[in-house]
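A closer look at the structure
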Amino acid sequence: MFENATVWAEKQFGKTNLGDPRRTNRLVKLAATIANEPGKPLVNITQSPADMEGAYRFIRNDHVEPKAIADAGFQATAEQAQKHELLLALEDTTNIVYSHRSIRDDLGHVNQGNRHRGMLAHSILLFAPQSSEVVGLIEQSRWTRDIMTRGKRRLHAQTPYQEKEGYKWKSASRNMTERLQSKMSDVISVCDREADIYEYLCYKLDSQQRFVVRSMQSRHIEEGEDKLYAFAAELQSTGQKQVHIAQKGGRKARWATLDIVFAPVTLKVPYNKQGKPVPVYYVGCSERDNPESELNWHLLTNEPVHSKEDALKVVSHYEHRWLVEEYHKV
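Residues numbered from 1 in each chain as written. Predicted model: local features only at pLDDT ≥ 70, side-chain atom pairs only at ≥ 80, totals over all residues. Heavy atoms only, no water.

1. Looking at the pattern of salt bridges
On inspection of all chains with the given rule, the structure shows 22 salt bridges. The salt bridge involving lysine 15 is made with glutamate 79; its shortest N-O contact spans 3.5 Å. Highlighted residues: lysine 15 in the loop between α1 (5-13) and α2 (21-36) and glutamate 79 in helix α5 (residues 66-81), separated in sequence by 64 residues. Ionic pairing is found between glutamate 199 and lysine 273, a salt bridge with its closest N-O pair at 2.9 Å. Of this pair, glutamate 199 sits in helix α7 (residues 198-206) while lysine 273 sits in the loop between β8 (254-267) and β9 (278-286), and the two are 74 residues apart along the sequence. The class for lysine 273 is partly exposed, based on a relative accessible area of 25%. Counted as one network, the salt bridges with shared partners bring together Asp92, Asp192, Arg214, Arg321 and Glu325. (Salt bridge = Lys/Arg side-chain N within 4 Å of Asp/Glu carboxyl O. Helix = DSSP H or I, 4+ residues; strand = E, 2+ residues; numbered from the N terminus. Buried < 20%, exposed > 50% of the residue type's maximum accessible area, 1.4 Å probe, protein only.)

2. Remarks on the packing of α2 against helix α4 (residues 49-60)
Contact geometry of α2 with α4 gives a least axis separation of 10 Å together with a crossing angle of 115°. When you trace α2 past α4, the crossing you get is left-handed. Seen from α2, the contacting residues are Arg23, Arg26, Leu27, Lys29 and Leu30; seen from α4, they are Asp51, Gly54, Ala55, Phe58 and Ile59. Residues belonging to the contact of α2 with α4 are distributed by class as follows: five nonpolar, one polar and four charged. (Axes fitted to C-alpha atoms, helices over the stretch in contact; angles between N-to-C directions. Left-handed = near helix turned anticlockwise from the far one by under 90°. Contact = heavy atoms within 4.5 Å. Nonpolar A, V, L, I, M, F, W, Y, C, P; charged D, E, K, R; others polar.)

3. Describing α4
With 12 residues, α4 extends 17 Å from end C-alpha to end C-alpha; this agrees with the ideal 16 Å at 1.5 Å per step. Considering only its buried residues, α4 is in contact with α2, α3 (42-45) and α5. (Expected span 1.5 Å × (residues − 1).)

4. Digging into the packing of aromatic side chains
Considering all chains together, one arrives at five aromatic pairs under this definition. Judged by centre distance (6.3 Å) and plane angle (70°), the ring pair of tyrosine 318 and tryptophan 322 falls under edge-to-face. Through a chain of ring-to-ring contacts, the aromatic side chains of Trp297, Tyr318 and Trp322 assemble into a single cluster. Between arginine 321 and the ring centre of tryptophan 322, over which it is positioned, the NZ or CZ distance is 4.8 Å. (Phe/Tyr/Trp six-rings, centres within 6.5 Å; stacked < 30°, edge-to-face > 60°. Lys NZ or Arg CZ within 6 Å of the ring centre and 35° of its normal.)

5. Concerning the packing of α1 against α5
To characterise two packed helices, one gives the angle between the axes of the helices and the distance between these axes. Relative orientation of the contacting elements α1 and α5 amounts to 100°, with a least axis distance of 7 Å. Of the possible angle classes, the one that applies to α1 and α5 is roughly perpendicular. On the side of α1, the interface is formed by Lys11, Gln12 and Phe13, while α5 contributes Ile69, Ala72, Gly73, Ala76 and Thr77. Taken together, the residues that form the contact of α1 with α5 break down as four nonpolar, three polar and one charged. (Parallel < 35°, antiparallel > 145°, perpendicular 65-115°, else oblique.)

6. Some details on the nonpolar core
Nonpolar side chains tend toward joint burial in soluble globular proteins. Ranked by internal contacts, the top residues of the largest apolar core, which has 28 residues, are Val283, Trp297, Leu299, Val305 and Val315. Among the secondary structure elements, those contributing two or more residues to this core are β1 (87-98), β3 (117-128), β5 (187-191), β7 (239-245), β8, β9, β10 (296-301) and α9 (308-319). Ignoring any residue separated from it by four or fewer positions in sequence, one finds leucine 299 in contact with Val212, Val213, Arg214, Tyr281, Tyr282, Val283, Val314, Val315 and Tyr318. Counting residues in each nonpolar core, the second largest holds 25 residues, with Phe211, Ile221, Val278 and Val280 among its members. (Core = buried A, V, L, I, M, F, W, Y, C linked by side-chain atoms within 4.5 Å.)

Shown next as C-alpha cells:
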C-alpha cells in the first residue's frame, strides 16, 4: 500500500512523454484519483464536473499513446528494482472477459467453452523477497485470439514456435531484459506449468537468465531409463516443509506437510524438436503420505541446488508466484 496516491502517481507516470506536459499532468491527476478510489467509475470519484470532463477527454484523446503510459510505468519499476539485491519476476497469463455485445466484434475467443469474447494479458510482476516488497509491473503484453481459430488446437504441432502463443514467455523475458539491462543477473523468473516449453528453457539457459519453472510433463531424462516423475519418486526425502494451501473454489484452506527432494537432471531433446539436452536442477515437493493429495510440485531451475537449504529456497521462490495471480484478480 502507498501512503499518498499523488506522490505514487507522480513517481509512476510523471515522466510520461505524451507530447504535451498538460497531458502528463492530467495523467498523473487521473491516476491519483483512481488510486484513491479503486474499482469505482470516474463519475463517482472525480471531484468536479470539470475534472470528470477532463478525464474523459484524456481517455478519448487520439494523441495519448497507451504504450507511452505503459513504458513510463515499466521504467519507474526498473528504477525501483535497482534498490534490491534479489528480485523474483513472477509471470502469469489471464483472460479479460467481456459480455458487452457492443464490443464483441473487436475481441477474440478466450477459451473453448466460454460464450463471451475477450483478450489475454501476460504480466511480469517484480517482487523483492528479502524485504517482502512488490516492486511493480515490469512487462505486460495483451492480445486477442482470432475467433476463426477456435477449436483448431490440433494444428499446434505444425505451427512454428514464434507464431505460437507460448512464445509470449520468451518475448516477455526479452522485453524485461531491455528494461533491466545488467540488473537481470539479480532476477529469477518464476513461472507456472505453462512455461515448461523446451525452447523457452533453452533460451533462458543460453541467455544465462535465472529461472524456476514448474514442470508440466514428465519429460524423458538422461539419468536412467525412467522419465522425470518416476525418477523423482525414487529420490530420498531430504526434509520436510509446511505449506499453507489457500482456499480455492470448493477447496478449504489448510496446512500441508511436504517432503522435499532434489537432484541434477538432464532433459532430453523432445522427439519432434531439434536442439541439445537441457541440464537443470530438479526440486520436488509433495505429500507422499497423502495419496489423495493433488499437491505435487515438480520444479525445474538453473539455480544451483546442492543442499536441503538450496531446495527450500527454490520452493520458497515458487510459493511467491501466487502474487501475480492476486494482481490479476485485482
